[in-house]
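One-letter residues, chain by chain:
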Amino acid sequence: MPESRPLAAVVLAAGLGTRMRSERAKVLHELGGRPLLRYPLAALATLDPERVVLVVGHQADAVSEAARAAGLTGLESVLQKEQKGTGHAVRCAAPALSDFKGDVVILYGDVPMIRPETLAALVAMHRAERACLSLLTVRFSDPTGYGRIVRGGDGRVTGIVEQRDATAAQRAITEINPGFYCVRAEVLFPMLRRLRANNAQGELYLTDLVGMAAGDGLRVASLESDSPAEVAGINTRTELARMEVLMRDELVRRWMDAGVSFEDPATAYVGPDVTIGRDTVIGPNVTLRGKTHIGERCR
């Protein structure tokens, strides 16, 4: 039987997102009328974690305010004053969880399509395997820019190599690390203290924890996602626009399955907080935003 352990979470949301070419923190850019950060927090809320630590940096107050709007209980923001890597970001969260004993989910604030079911499956697999560290993986046809998953002869994950540090053979690996972890607190915090910036970026890599755990002989487990779009982060405005199209198409399909007709689905824009009654017809070039409610049999 899977273990029953307390659950906490660390959400990394300190980065500016330089490739967005914006003065706004990346997680504050909107998708479907909501800040990007709201989506992974909403998925996380379904796990009902006891505590959630949000690591903020650029525009810290605005990011914290956007997070509070997600309605998570036990939410606390901590400041990463200097951007010294993802491992350093989680180190900043460690004092807020110094007395926590359980499992810690770690994820990023710019992955809007992550589903609650996927996070729940990661935690369930971690506990069923009695793993010390578990991570989500996915295969990209073009893995450029992502850390590659390295496996041993037995098929188990032995480490993650970042793009800049990878050999030519390692860069050919298509299984990548999208950045979702579940780690036992008693393993996580001591390993964070052991991280060193011995890499091309001169940063503390969170990904080094995987190789560290495997090297220590601890049980490392992995769960492969079959949906690259679900675990993809947003780094550019082009990627944000593509995600907007994906989300719009998904919402329109969902409403059609619920009994709503769209005369031209490709030109209808329906926000995630909109509700529409059955047998309503939505014409072409219609935009519905915010908490708009349309009843049944309307046009």
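These lines cover the structure that appears in this document, whether it is placed above or below. (Residues numbered from 1 in each chain as written. Predicted model: local features only at pLDDT ≥ 70, side-chain atom pairs only at ≥ 80, totals over all residues. Heavy atoms only, no water.)

**Section: the packing of helix α6 (residues 185-194) against helix α7 (residues 208-215)**
- The contact between α6 and α7 brings their axes to 10 Å, and the two run at 110 degrees. In terms of axis orientation, α6 runs roughly perpendicular to α7. Here α6 contributes L188, M191, L192 and R194 to the contact with α7, which in turn contributes L209, M212 and A213.
- In the contact of α6 with α7, the residues fall into six nonpolar, no polar and one charged. (Axes fitted to C-alpha atoms, helices over the stretch in contact; angles between N-to-C directions. Helix = DSSP H or I, 4+ residues; strand = E, 2+ residues; numbered from the N terminus. Parallel < 35°, antiparallel > 145°, perpendicular 65-115°, else oblique. Contact = heavy atoms within 4.5 Å. Nonpolar A, V, L, I, M, F, W, Y, C, P; charged D, E, K, R; others polar.)

**Details of the pairing of strand β5 (residues 75-79)**
- Strand direction decides the pairing type here: strand β4 (residues 51-56) and β5, joined by five bridges, are parallel. What sits directly across from V56, in β5, is L79. (Pairing = 2+ DSSP bridges.)

**Details of helix α4 (residues 116-128)**
- With 13 residues, α4 extends 18 Å between its outermost C-alpha atoms, agreeing within 8% with the 18 Å of an ideal straight helix rising 1.5 Å per residue.
- Among all positions of α4, only T118, L119, L122, V123, M125, H126 and R127 are buried.
- A positive backbone phi angle near 50 degrees is found at R130, which sits one or two residues after α4. (Expected span 1.5 Å × (residues − 1). Buried < 20%, exposed > 50% of the residue type's maximum accessible area, 1.4 Å probe, protein only.)

**Regarding the nonpolar core**
- Formed by 38 residues in total, the largest nonpolar core has its most connected members in V10, I106, L133, L135 and L192.
- Ranked by residues supplied to this core, first place goes to α6 with six residues.
- Setting aside residues up to four positions removed in sequence, L135 forms contacts with L122, I149, V157, I160, N177, F180, Y181, V210, V220, A221, S222 and L223.
- Among the nonpolar cores identified, the runner-up in size contains 37 residues, and V11, A60, L72 and L136 belong to it. (Core = buried A, V, L, I, M, F, W, Y, C linked by side-chain atoms within 4.5 Å.)

**Some thoughts on the layout of surface pockets**
- There is about 1400 Å³ of room inside the largest pocket.
- Lining of the largest pocket is provided by 41 residues; of these, R19, K26, T86, Y108 and N235 occupy positions nearest its centre.
- Around the second largest pocket, the lining comprises 21 residues; the ones closest to its centre are Y39, P112, M247, E250 and R254.
- Listing elements by their share of the lining of the second largest pocket, those giving two or more residues are α1 (38-45), α8 (228-231) and α9 (237-257).
- For the lining of the second largest pocket, the leading source of residues is α9, giving seven residues.
- Its residues placed into classes, the lining of the second largest pocket shows 14 nonpolar, one polar and six charged. (1 Å grid on protein atoms, 1.4 Å probe; cavity = no way out; pocket = protein on both sides within 12 Å on 5 of 7 lines; lining within 4 Å. Points joined across faces, edges and corners; volume = space filled by probe spheres on them.)

**Points about the environment of F100**
- Looking at where F100 falls in the secondary structure, it is placed in the loop between α3 (86-93) and β6 (103-108).
- Sequence separation between F100 and T167 is 67 residues; the distance between their C-alpha atoms is 38 Å.
- If we ignore the near neighbours within four places in the chain, the residues touching F100 are P6, L7, A8, E50, R51 and A185.

**Some remarks on unusual backbone geometry**
- At R130, a position not held by glycine, the phi torsion is positive, near 50 degrees.
- Note that R130 resides in the loop between α4 and β7 (133-139).
- The partly exposed category is assigned to R130, whose relative accessible area is 47%.
- You will see that D279, though not glycine, has its phi angle at about 65 degrees, which is positive.
- Structurally, D279 is set in the loop between β15 (275-276) and β16 (281-282).

**Details of the packing of α3 against α6**
- The interhelical angle for the contact between α3 and α6, taken along N-to-C directions, is 125 degrees, at an axis separation of 10 Å. Our classification of the angle between α3 and α6 gives oblique. Where α3 crosses over α6, the two elements pack in a sense that is left-handed. Residues G87, V90 and R91 of α3 touch α6, and the partners they reach there are L192, R193 and R194.
- For the contact of α3 with α6, the per-class residue count stands at two nonpolar, one polar and three charged. (Left-handed = near helix turned anticlockwise from the far one by under 90°.)

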